[in-house]
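Here is how the chains run, residue by residue.
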Amino acid sequence: MKILVINAGSSSIKYQLIDMKTEKAIAKGLAERIGGDGSVLKQKTADDRAVTIEQPMPTHKEAMQFVLQALMDKENGVIKKVSDIAAVGHRMLHSAEDFHGSIMATAENIATCRKNSDLGPLHMPPMLDCLDSCREVMKDTPMTIVFDTTFHSTMEPVAYLYGVPYELYEKYKVRRYGFHGTSHKFVSEEAAKIVGGKSKIIVCHLGNGSSISAVKNGKCVDTSMGFTPLEGLMMGTRSGDIDPAAVDYIASKLNYTLPQMVQYLNKKSGMLGISGFSADCRDLTEAAEKGNERARLAIEMTAYRIKKYVGSYAAALGGVDLIAFTGGIGENSAIIRGLVMEGTEYMGVDFDFAKNKVRTPGVTELSKPGSRVKVYIIPTNEELSIARETAQLLKA
Ligand code: ADP
(Lines give C-alpha, C1' and ligand atoms only; values in the text may rest on other atoms or scores of the structure.)
Protein backbone atom coordinates (compact mmCIF):
# COMPACT_ATOMS: atom_id res chain seq x y z
CA MET A 1 0.00 0.00 0.00
CA LYS A 2 1.31 3.44 -0.97
CA ILE A 3 0.30 6.55 0.95
CA LEU A 4 0.90 10.12 -0.19
CA VAL A 5 1.67 12.52 2.66
CA ILE A 6 1.05 16.22 2.03
CA ASN A 7 2.41 19.09 4.10
CA ALA A 8 1.12 22.33 2.58
CA GLY A 9 2.37 25.86 3.25
CA SER A 10 1.04 29.14 1.92
CA SER A 11 3.20 28.93 -1.22
CA SER A 12 4.48 25.37 -1.11
CA ILE A 13 3.54 21.70 -1.05
CA LYS A 14 5.99 19.26 0.53
CA TYR A 15 5.14 15.63 -0.18
CA GLN A 16 6.31 12.05 0.23
CA LEU A 17 4.99 8.86 -1.26
CA ILE A 18 5.52 6.13 1.35
CA ASP A 19 5.42 2.39 0.78
CA MET A 20 3.77 1.04 3.92
CA LYS A 21 5.30 -2.40 3.50
CA THR A 22 8.82 -1.04 4.02
CA GLU A 23 7.76 2.23 5.69
CA LYS A 24 10.23 4.00 3.39
CA ALA A 25 9.65 7.01 1.14
CA ILE A 26 9.69 6.00 -2.54
CA ALA A 27 9.67 9.64 -3.65
CA LYS A 28 9.99 13.01 -1.94
CA GLY A 29 9.17 16.34 -3.52
CA LEU A 30 8.58 20.03 -3.04
CA ALA A 31 6.49 22.41 -5.14
CA GLU A 32 7.57 25.97 -4.38
CA ARG A 33 6.57 29.53 -5.18
CA ILE A 34 2.95 28.55 -5.78
CA GLY A 35 0.97 31.68 -6.67
CA GLY A 36 4.14 33.60 -7.56
CA ASP A 37 6.74 33.86 -10.32
CA GLY A 38 9.09 30.99 -11.00
CA SER A 39 6.93 28.15 -9.62
CA VAL A 40 8.93 24.95 -9.57
CA LEU A 41 8.47 21.35 -8.48
CA LYS A 42 11.44 19.14 -7.67
CA GLN A 43 11.12 15.44 -6.90
CA LYS A 44 13.71 12.81 -5.99
CA THR A 45 13.12 9.08 -5.83
CA ALA A 46 14.70 6.70 -3.31
CA ASP A 47 16.98 5.44 -6.11
CA ASP A 48 18.06 9.02 -6.84
CA ARG A 49 16.12 9.75 -10.03
CA ALA A 50 14.96 13.36 -10.35
CA VAL A 51 11.95 15.08 -11.89
CA THR A 52 11.81 18.88 -12.23
CA ILE A 53 8.74 20.73 -13.46
CA GLU A 54 8.94 24.46 -14.13
CA GLN A 55 5.41 25.56 -15.00
CA PRO A 56 3.08 28.28 -13.75
CA MET A 57 1.30 27.13 -10.56
CA PRO A 58 -1.15 29.93 -9.78
CA THR A 59 -2.87 27.91 -7.02
CA HIS A 60 -2.42 24.69 -5.03
CA LYS A 61 -4.71 22.99 -7.55
CA GLU A 62 -2.23 23.25 -10.42
CA ALA A 63 0.59 22.34 -8.05
CA MET A 64 -1.29 19.16 -7.01
CA GLN A 65 -1.77 18.26 -10.67
CA PHE A 66 2.00 18.57 -11.16
CA VAL A 67 2.67 16.47 -8.05
CA LEU A 68 0.69 13.64 -9.67
CA GLN A 69 2.40 14.27 -13.02
CA ALA A 70 5.82 13.97 -11.34
CA LEU A 71 4.87 10.81 -9.44
CA MET A 72 3.59 9.26 -12.72
CA ASP A 73 6.46 10.57 -14.88
CA LYS A 74 7.12 8.02 -17.64
CA GLU A 75 10.89 7.93 -17.18
CA ASN A 76 11.55 8.86 -13.57
CA GLY A 77 8.18 8.41 -11.87
CA VAL A 78 7.26 5.83 -9.25
CA ILE A 79 3.64 4.93 -10.03
CA LYS A 80 1.63 4.28 -13.20
CA LYS A 81 -1.81 5.59 -12.25
CA VAL A 82 -3.47 7.71 -9.58
CA SER A 83 -5.24 4.64 -8.17
CA ASP A 84 -1.82 3.26 -7.17
CA ILE A 85 -2.07 5.76 -4.30
CA ALA A 86 -4.22 4.09 -1.63
CA ALA A 87 -4.80 7.28 0.37
CA VAL A 88 -3.57 10.80 1.01
CA GLY A 89 -2.70 11.96 4.54
CA HIS A 90 -2.80 15.74 5.03
CA ARG A 91 -0.95 17.49 7.82
CA MET A 92 -3.19 20.03 9.59
CA LEU A 93 -2.03 22.51 12.22
CA HIS A 94 -4.94 22.73 14.62
CA SER A 95 -7.75 20.50 15.85
CA ALA A 96 -9.02 22.95 18.49
CA GLU A 97 -11.02 20.79 20.93
CA ASP A 98 -13.15 19.31 18.16
CA PHE A 99 -10.96 16.30 17.43
CA HIS A 100 -8.80 14.08 19.63
CA GLY A 101 -7.18 12.02 16.91
CA SER A 102 -6.74 11.81 13.15
CA ILE A 103 -9.87 11.94 11.00
CA MET A 104 -11.17 11.18 7.52
CA ALA A 105 -11.31 14.30 5.33
CA THR A 106 -15.10 14.39 4.94
CA ALA A 107 -16.90 17.60 3.93
CA GLU A 108 -18.24 17.91 7.49
CA ASN A 109 -14.83 17.48 9.13
CA ILE A 110 -13.23 19.94 6.71
CA ALA A 111 -15.95 22.50 7.53
CA THR A 112 -15.11 22.11 11.23
CA CYS A 113 -11.42 22.68 10.46
CA ARG A 114 -12.29 25.83 8.50
CA LYS A 115 -14.26 27.11 11.47
CA ASN A 116 -11.06 26.75 13.53
CA SER A 117 -8.85 28.60 11.02
CA ASP A 118 -8.53 31.65 13.25
CA LEU A 119 -6.49 29.53 15.70
CA GLY A 120 -3.81 29.22 13.00
CA PRO A 121 -4.47 32.07 10.58
CA LEU A 122 -1.17 31.72 8.72
CA HIS A 123 -1.10 27.94 8.39
CA MET A 124 -4.68 26.64 8.36
CA PRO A 125 -6.10 28.40 5.25
CA PRO A 126 -3.34 27.18 2.87
CA MET A 127 -3.50 23.68 4.34
CA LEU A 128 -7.27 23.62 3.80
CA ASP A 129 -7.00 25.12 0.32
CA CYS A 130 -4.51 22.43 -0.61
CA LEU A 131 -6.79 19.75 0.82
CA ASP A 132 -9.71 21.07 -1.28
CA SER A 133 -7.53 21.09 -4.41
CA CYS A 134 -6.31 17.60 -3.71
CA ARG A 135 -9.88 16.31 -3.32
CA GLU A 136 -10.76 17.89 -6.67
CA VAL A 137 -7.77 16.41 -8.45
CA MET A 138 -8.01 12.96 -6.78
CA LYS A 139 -11.77 12.46 -6.52
CA ASP A 140 -11.68 8.72 -5.81
CA THR A 141 -8.82 8.61 -3.32
CA PRO A 142 -9.57 8.45 0.43
CA MET A 143 -8.03 11.31 2.40
CA THR A 144 -7.22 11.85 6.04
CA ILE A 145 -6.34 14.80 8.23
CA VAL A 146 -3.58 14.38 10.82
CA PHE A 147 -3.23 17.23 13.31
CA ASP A 148 -0.16 18.73 14.98
CA THR A 149 -2.15 19.14 18.18
CA THR A 150 -4.18 15.98 18.87
CA PHE A 151 -1.35 13.95 20.44
CA HIS A 152 -1.43 16.52 23.25
CA SER A 153 -5.19 16.31 23.72
CA THR A 154 -4.68 13.86 26.61
CA MET A 155 -3.32 16.70 28.78
CA GLU A 156 -5.37 17.37 31.91
CA PRO A 157 -6.81 20.83 32.68
CA VAL A 158 -4.07 21.43 35.29
CA ALA A 159 -1.55 21.27 32.45
CA TYR A 160 -3.48 22.94 29.65
CA LEU A 161 -5.20 25.87 31.37
CA TYR A 162 -3.62 29.30 31.82
CA GLY A 163 -4.05 31.13 35.09
CA VAL A 164 -6.50 33.59 33.59
CA PRO A 165 -10.28 33.94 34.14
CA TYR A 166 -11.92 30.60 33.37
CA GLU A 167 -14.52 32.14 31.07
CA LEU A 168 -11.77 32.84 28.53
CA TYR A 169 -11.49 29.08 28.15
CA GLU A 170 -15.24 28.57 28.15
CA LYS A 171 -16.03 31.36 25.68
CA TYR A 172 -12.95 31.46 23.43
CA LYS A 173 -11.13 28.17 24.04
CA VAL A 174 -8.04 29.99 25.26
CA ARG A 175 -5.80 27.18 26.54
CA ARG A 176 -2.54 25.42 25.81
CA TYR A 177 -2.77 23.06 22.83
CA GLY A 178 0.82 22.06 22.00
CA PHE A 179 2.27 21.36 18.55
CA HIS A 180 4.75 19.01 16.80
CA GLY A 181 2.33 16.25 17.87
CA THR A 182 3.14 13.86 15.01
CA SER A 183 6.83 14.00 15.96
CA HIS A 184 6.23 13.63 19.71
CA LYS A 185 3.94 10.66 19.01
CA PHE A 186 6.40 8.96 16.66
CA VAL A 187 9.45 9.46 18.89
CA SER A 188 7.69 8.60 22.16
CA GLU A 189 6.36 5.37 20.60
CA GLU A 190 9.86 4.40 19.47
CA ALA A 191 11.18 5.29 22.94
CA ALA A 192 8.47 3.23 24.65
CA LYS A 193 9.56 0.20 22.59
CA ILE A 194 13.10 0.64 23.98
CA VAL A 195 11.86 0.94 27.58
CA GLY A 196 9.29 -1.86 27.28
CA GLY A 197 6.22 -2.04 29.56
CA LYS A 198 5.12 1.07 31.43
CA SER A 199 7.11 4.12 30.44
CA LYS A 200 7.84 7.72 31.40
CA ILE A 201 9.38 9.49 28.45
CA ILE A 202 10.60 13.04 27.81
CA VAL A 203 10.86 13.95 24.13
CA CYS A 204 12.99 16.97 23.18
CA HIS A 205 12.04 17.94 19.61
CA LEU A 206 14.64 20.58 18.79
CA GLY A 207 14.63 22.18 15.33
CA ASN A 208 13.97 25.68 14.04
CA GLY A 209 10.85 25.37 16.15
CA SER A 210 11.34 23.39 19.36
CA SER A 211 9.12 21.76 21.94
CA ILE A 212 9.37 19.20 24.73
CA SER A 213 6.73 16.74 25.82
CA ALA A 214 6.23 14.52 28.84
CA VAL A 215 4.61 11.20 27.91
CA LYS A 216 3.38 8.62 30.43
CA ASN A 217 2.39 5.18 29.14
CA GLY A 218 1.83 6.57 25.64
CA LYS A 219 -0.23 9.57 26.75
CA CYS A 220 1.02 13.15 26.65
CA VAL A 221 0.73 14.76 30.10
CA ASP A 222 2.40 18.08 29.26
CA THR A 223 4.15 19.90 26.44
CA SER A 224 6.03 23.17 26.20
CA MET A 225 4.23 24.93 23.33
CA GLY A 226 0.94 26.52 24.26
CA PHE A 227 -1.95 28.38 22.64
CA THR A 228 0.51 28.98 19.79
CA PRO A 229 4.00 27.65 19.07
CA LEU A 230 5.50 30.78 20.67
CA GLU A 231 5.39 29.43 24.22
CA GLY A 232 8.08 27.35 25.89
CA LEU A 233 11.68 26.90 24.76
CA MET A 234 13.85 29.57 23.22
CA MET A 235 13.95 28.71 19.51
CA GLY A 236 15.62 29.84 16.28
CA THR A 237 13.61 33.05 15.99
CA ARG A 238 11.01 32.65 18.77
CA SER A 239 11.49 34.01 22.27
CA GLY A 240 9.64 31.20 24.04
CA ASP A 241 8.39 32.02 27.57
CA ILE A 242 8.44 35.73 28.40
CA ASP A 243 6.70 37.89 31.00
CA PRO A 244 3.65 39.44 29.23
CA ALA A 245 4.23 42.67 31.16
CA ALA A 246 7.65 42.92 29.46
CA VAL A 247 5.83 42.59 26.11
CA ASP A 248 3.72 45.64 26.95
CA TYR A 249 6.84 47.57 28.02
CA ILE A 250 8.79 46.64 24.85
CA ALA A 251 5.80 47.61 22.69
CA SER A 252 5.71 51.04 24.30
CA LYS A 253 9.47 51.53 23.76
CA LEU A 254 9.45 50.33 20.13
CA ASN A 255 6.08 51.87 19.35
CA TYR A 256 4.71 48.51 18.17
CA THR A 257 1.11 47.35 18.07
CA LEU A 258 0.28 44.01 19.70
CA PRO A 259 0.26 42.10 16.38
CA GLN A 260 3.65 43.66 15.59
CA MET A 261 4.95 42.49 18.96
CA VAL A 262 3.74 38.94 18.34
CA GLN A 263 5.51 39.00 14.98
CA TYR A 264 8.66 40.39 16.68
CA LEU A 265 8.65 37.63 19.29
CA ASN A 266 8.05 34.98 16.62
CA LYS A 267 10.46 36.15 13.93
CA LYS A 268 13.18 38.37 15.40
CA SER A 269 13.83 36.85 18.79
CA GLY A 270 15.26 33.59 20.14
CA MET A 271 18.77 32.61 18.98
CA LEU A 272 18.57 35.19 16.19
CA GLY A 273 17.71 37.98 18.60
CA ILE A 274 20.40 37.03 21.14
CA SER A 275 23.22 36.39 18.65
CA GLY A 276 22.25 39.32 16.46
CA PHE A 277 23.17 37.45 13.27
CA SER A 278 21.69 33.97 12.85
CA ALA A 279 18.89 31.64 13.90
CA ASP A 280 20.77 28.61 12.61
CA CYS A 281 22.42 26.43 15.24
CA ARG A 282 25.23 25.43 12.84
CA ASP A 283 26.22 29.08 12.23
CA LEU A 284 26.11 29.81 15.94
CA THR A 285 28.19 26.76 16.83
CA GLU A 286 30.83 27.74 14.30
CA ALA A 287 30.89 31.36 15.50
CA ALA A 288 31.00 30.33 19.18
CA GLU A 289 33.98 28.09 18.45
CA LYS A 290 35.73 31.13 16.96
CA GLY A 291 35.06 33.09 20.14
CA ASN A 292 31.82 34.95 19.36
CA GLU A 293 30.38 35.53 22.85
CA ARG A 294 26.83 36.34 21.79
CA ALA A 295 26.65 33.15 19.71
CA ARG A 296 27.84 31.20 22.75
CA LEU A 297 25.23 32.92 24.94
CA ALA A 298 22.47 32.05 22.45
CA ILE A 299 23.49 28.39 22.55
CA GLU A 300 23.79 28.35 26.35
CA MET A 301 20.41 30.03 26.83
CA THR A 302 18.77 27.54 24.46
CA ALA A 303 20.27 24.60 26.34
CA TYR A 304 19.48 26.06 29.77
CA ARG A 305 15.79 26.37 28.94
CA ILE A 306 15.71 22.79 27.69
CA LYS A 307 17.38 21.61 30.90
CA LYS A 308 14.79 23.45 33.02
CA TYR A 309 11.91 21.86 31.08
CA VAL A 310 13.48 18.40 31.33
CA GLY A 311 13.74 18.81 35.11
CA SER A 312 10.19 20.07 35.45
CA TYR A 313 8.80 17.27 33.29
CA ALA A 314 10.66 14.66 35.33
CA ALA A 315 8.82 16.18 38.31
CA ALA A 316 5.49 16.15 36.46
CA LEU A 317 5.96 12.50 35.47
CA GLY A 318 7.23 11.44 38.91
CA GLY A 319 10.52 10.22 37.39
CA VAL A 320 11.68 9.42 33.89
CA ASP A 321 12.83 6.27 32.09
CA LEU A 322 14.11 7.75 28.83
CA ILE A 323 15.00 11.18 27.47
CA ALA A 324 14.90 11.36 23.67
CA PHE A 325 16.54 13.99 21.47
CA THR A 326 15.15 14.56 18.00
CA GLY A 327 14.85 17.21 15.23
CA GLY A 328 17.70 18.94 13.39
CA ILE A 329 19.34 20.22 16.59
CA GLY A 330 18.38 17.30 18.82
CA GLU A 331 19.80 14.78 16.36
CA ASN A 332 22.92 16.74 15.37
CA SER A 333 24.04 19.24 17.98
CA ALA A 334 26.42 17.54 20.40
CA ILE A 335 27.02 20.89 22.12
CA ILE A 336 23.38 21.50 22.99
CA ARG A 337 22.79 17.89 24.08
CA GLY A 338 25.95 17.99 26.20
CA LEU A 339 24.96 21.25 27.92
CA VAL A 340 21.45 19.93 28.63
CA MET A 341 22.77 16.71 30.14
CA GLU A 342 25.51 18.34 32.24
CA GLY A 343 24.79 17.89 35.94
CA THR A 344 21.82 15.53 35.50
CA GLU A 345 23.36 12.74 37.63
CA TYR A 346 21.00 13.81 40.42
CA MET A 347 18.08 12.45 38.39
CA GLY A 348 19.76 9.13 37.58
CA VAL A 349 21.38 9.95 34.23
CA ASP A 350 24.84 8.56 33.50
CA PHE A 351 25.51 10.37 30.23
CA ASP A 352 28.30 9.29 27.89
CA PHE A 353 29.81 12.65 26.91
CA ALA A 354 32.39 11.00 24.63
CA LYS A 355 29.75 9.03 22.71
CA ASN A 356 27.65 12.19 22.46
CA LYS A 357 30.32 13.73 20.24
CA VAL A 358 30.32 10.90 17.68
CA ARG A 359 27.27 10.98 15.42
CA THR A 360 26.13 7.56 14.33
CA PRO A 361 23.09 7.46 12.06
CA GLY A 362 19.74 6.20 13.32
CA VAL A 363 18.63 5.45 16.85
CA THR A 364 21.65 5.89 19.15
CA GLU A 365 22.02 5.39 22.91
CA LEU A 366 23.93 8.23 24.61
CA SER A 367 23.65 7.02 28.20
CA LYS A 368 26.16 4.57 29.64
CA PRO A 369 25.14 0.95 30.19
CA GLY A 370 23.49 0.73 33.60
CA SER A 371 22.28 4.36 33.55
CA ARG A 372 18.95 4.37 35.41
CA VAL A 373 17.58 6.97 32.99
CA LYS A 374 18.35 6.21 29.36
CA VAL A 375 19.20 8.97 26.90
CA TYR A 376 18.77 8.38 23.17
CA ILE A 377 18.86 10.14 19.85
CA ILE A 378 15.70 8.97 18.07
CA PRO A 379 15.43 10.52 14.59
CA THR A 380 11.92 11.81 13.98
CA ASN A 381 9.86 10.98 10.92
CA GLU A 382 6.74 13.14 10.83
CA GLU A 383 5.73 11.98 7.37
CA LEU A 384 5.84 8.32 8.39
CA SER A 385 3.85 9.19 11.49
CA ILE A 386 1.15 10.77 9.27
CA ALA A 387 1.24 7.78 6.89
CA ARG A 388 0.85 5.32 9.80
CA GLU A 389 -2.13 7.28 11.14
CA THR A 390 -3.66 7.29 7.65
CA ALA A 391 -3.17 3.53 7.22
CA GLN A 392 -4.77 2.94 10.60
CA LEU A 393 -7.82 5.07 9.72
CA LEU A 394 -8.26 3.18 6.44
CA LYS A 395 -8.35 -0.11 8.37
CA ALA A 396 -10.94 1.19 10.84
P1 ADP B 1 12.45 22.49 11.25
O2 ADP B 1 11.91 22.86 12.59
O3 ADP B 1 12.40 23.61 10.26
O4 ADP B 1 11.96 21.15 10.72
P5 ADP B 1 14.97 21.09 11.58
O6 ADP B 1 14.44 20.00 12.45
O7 ADP B 1 15.44 20.73 10.21
O8 ADP B 1 14.01 22.33 11.51
O9 ADP B 1 16.22 21.76 12.38
C10 ADP B 1 16.91 22.84 11.89
C11 ADP B 1 17.98 23.20 12.91
O12 ADP B 1 18.87 22.10 13.05
C13 ADP B 1 18.83 24.40 12.49
O14 ADP B 1 19.04 25.26 13.61
C15 ADP B 1 20.12 23.75 12.11
O16 ADP B 1 21.22 24.60 12.31
C17 ADP B 1 20.18 22.58 13.06
N18 ADP B 1 21.16 21.60 12.60
C19 ADP B 1 21.12 20.81 11.52
N20 ADP B 1 22.27 20.08 11.40
C21 ADP B 1 23.06 20.46 12.43
C22 ADP B 1 24.38 20.09 12.88
N23 ADP B 1 25.10 19.20 12.22
N24 ADP B 1 24.84 20.68 14.01
C25 ADP B 1 24.12 21.58 14.69
N26 ADP B 1 22.88 21.97 14.32
C27 ADP B 1 22.36 21.41 13.22
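Just above sits the structure.
Residue numbering note: each chain is counted from 1, following its sequence as written. Whole-chain, interface and lining totals are the exception, using all residues; otherwise, since this is a predicted model, local features are given only for residues with pLDDT of at least 70 and side-chain atom pairs are given and counted only at 80 or more. Water and hydrogen atoms were dropped before computing side-chain values, which therefore reflect all heavy atoms in the structure.

Attention now goes to empty space enclosed by the protein. Points on a 1 Å grid over protein atoms alone make up a cavity when a 1.4 Å probe fits among them but cannot get out, and a pocket when they form an open set with protein on both sides within 12 Å along at least five of seven lines; lining residues each have an atom within 4 Å of a point. Grid points are joined across faces, edges and corners, and a volume is the space filled by probe spheres set on the points. Following the criterion strictly, the structure yields one cavity of 30 Å³ or more and no others. Each pocket or cavity is described by its volume, and for the largest cavity that value is around 50 Å³. Charged means Asp, Glu, Lys or Arg here, nonpolar means Ala, Val, Leu, Ile, Met, Phe, Trp, Tyr, Cys or Pro, and polar covers whatever is left, Gly included. Partitioned by chemical class, the residues of the lining of the largest cavity number two nonpolar, five polar and two charged.

All right, on to the site of the ligand then. Whether a residue is near a molecule or strand depends on its heavy atoms: it is near if one of them lies within 4 Å of it. As a matter of local geometry, the ligand sits amid Gly207, Asn208, Gly209, Asp280, Cys281, Arg282, Gly327, Gly328, Ile329, Asn332 and Ser333. In the analysis that follows, any N or O atom pair within 3.5 Å is treated as a polar contact, provided that within protein one partner can donate a hydrogen and the other can accept it, and provided that, for residues neighboring in sequence, both atoms belong to side chains. The contact in question runs from an oxygen atom of the ligand to an N or O atom on the side chain of Asp280, over 2.4 Å. Within the backbone of Arg282, one N or O atom sits 3.1 Å away from an oxygen atom of the ligand. When the ligand is considered free in solution it has 570 Å² of accessible area, and contact with the protein chains removes 67% of it. If over half the atoms of a molecule are within 2 Å of the grid points of a cavity or pocket, the molecule is regarded as sitting in it. When atoms are counted within 2 Å of each cavity's grid points, the one that captures over half of the ligand is the second largest pocket. Breaking the shell around the ligand down by element, the ones donating at least two residues are α10 (281-289) and α12 (327-332). A breakdown of the residues in the shell around the ligand according to their chemical character gives two nonpolar, seven polar and two charged. Throughout, the Shrake-Rupley method with a 1.4 Å probe supplies accessible areas, and for residues the shown protein chains are the sole cover considered. Numbering goes from the N terminus for both helices and strands, where a helix is a DSSP run of H or I of at least four residues and a strand is a run of E of at least two.

What follows concerns the layout of surface pockets. When its volume is computed, the second largest pocket comes out at roughly 350 Å³. Taken together, 16 residues line the second largest pocket, and the ones lying closest to its centre are Cys281, Arg282, Gly328, Ile329 and Asn332. For the lining of the second largest pocket, the elements supplying multiple residues, two or more each, are α10, α12 and α13 (334-341). At four residues, α10 tops the list of elements feeding residues into the lining of the second largest pocket. For the lining of the second largest pocket, the class distribution of residues is six nonpolar, seven polar and three charged.

Once that is clear, we can look at the state of the cysteines. Only a pair of cysteine sulfur atoms within 2.5 Å counts as a disulfide in this structure description. Going through the model one piece at a time under the given rule, you end up with zero disulfides. Cys204 forms no disulfide, and the closest cysteine sulfur to it belongs to Cys220, at a distance of 13 Å. Of the residues examined, Cys204 reaches a relative accessible area of 0% and is grouped as buried. The cut-offs for exposure are 20% and 50% of the maximum accessible area for each residue type, with area from a 1.4 Å probe on protein chains only; residues under the lower value are buried, those over the upper are exposed, and the others partly exposed. You can call Cys220 buried: its relative accessible area is 1%.

On to the side chain of Gln16. Position of Gln16 among the secondary structure elements: in strand β2 (residues 13-19). Of the residues examined, Gln16 reaches a relative accessible area of 10% and is grouped as buried. In what follows, a contact means two residues having at least one pair of non-hydrogen atoms within 4.5 Å. Excluding residues that lie within four positions of it along the chain, Gln16 makes contacts with Ile3, Leu4, Val5, Ala25, Ala27, Lys28 and Glu383.

Right, let's talk about the pattern of salt bridges for a bit. Two side chains bearing opposite charge may form a pair once their charged atoms approach each other closely. The term salt bridge refers to a pairing of a side-chain nitrogen on Lys or Arg with a carboxyl oxygen on Asp or Glu at a separation within 4 Å. Inspection of every chain in the model, using the stated rule, returns 20 salt bridges. Between Arg388 and Glu190 there is a salt bridge, with its nearest N and O atoms 3.5 Å apart. Taken together, the residues span a long stretch of sequence, with Arg388 in helix α15 (residues 382-395) and Glu190 in helix α6 (residues 181-195) at a distance of 198 residues. Under the relative-accessibility criterion, Arg388 is labelled partly exposed at 22%. Residue classification places Glu190 among the buried residues on the basis of a relative accessible area of 17%. Here the salt bridges do not stand alone but share partners, grouping Glu23, Glu190, Lys193 and Arg388 into one network.

On to unusual backbone geometry. Positioned with a positive phi, Glu23 is a non-glycine residue whose angle comes to about 60°. Along the chain, Glu23 falls in the loop between β2 and β3 (24-32). With a phi angle near 70°, Asp48 is a residue other than glycine that sits in the positive phi range. Inspection of the secondary structure puts Asp48 in the loop between β4 (40-45) and β5 (50-53). Relative accessible area serves as the criterion here: at 58%, Asp48 is assigned to the exposed category.

On to the pairing of strand β1 (residues 2-8), then. The buried count for β1 comes to six of seven residues, which makes it a mostly enclosed element. Bridging between β1 and strand β6 (residues 85-92) involves five bridges; their strand directions are parallel. Of the residues in β6, the one forming a bridge with Val5 is Gly89. When DSSP finds at least two bridges between two strands, those strands are taken to pair. Both β1 and β2 contribute to a ladder of seven bridges, which runs antiparallel.

Here we come to α10. Cys281, Leu284, Thr285, Ala287 and Ala288 are the residues of α10 that are buried. Buried residues of α10, seen end-on, are gathered within an arc of 170° and therefore sit on one face of the element. Exposed and facing more than 90 degrees away from the buried side of α10 are Arg282 and Glu289. Check the buried side of α10 and you find it contacts α9 (270-275), α11 (293-317), α12 and α13. Between a side-chain oxygen at the N-terminus of α10 and the backbone nitrogen of Arg282 the separation is 2.8 Å; the capping residue is Asp280. Of the residues flanking the end of α10, it is Gly291, one or two places downstream, whose phi is positive at about 100°. As used here, the arc belongs to the directions running from the helix axis to the C-beta atoms.

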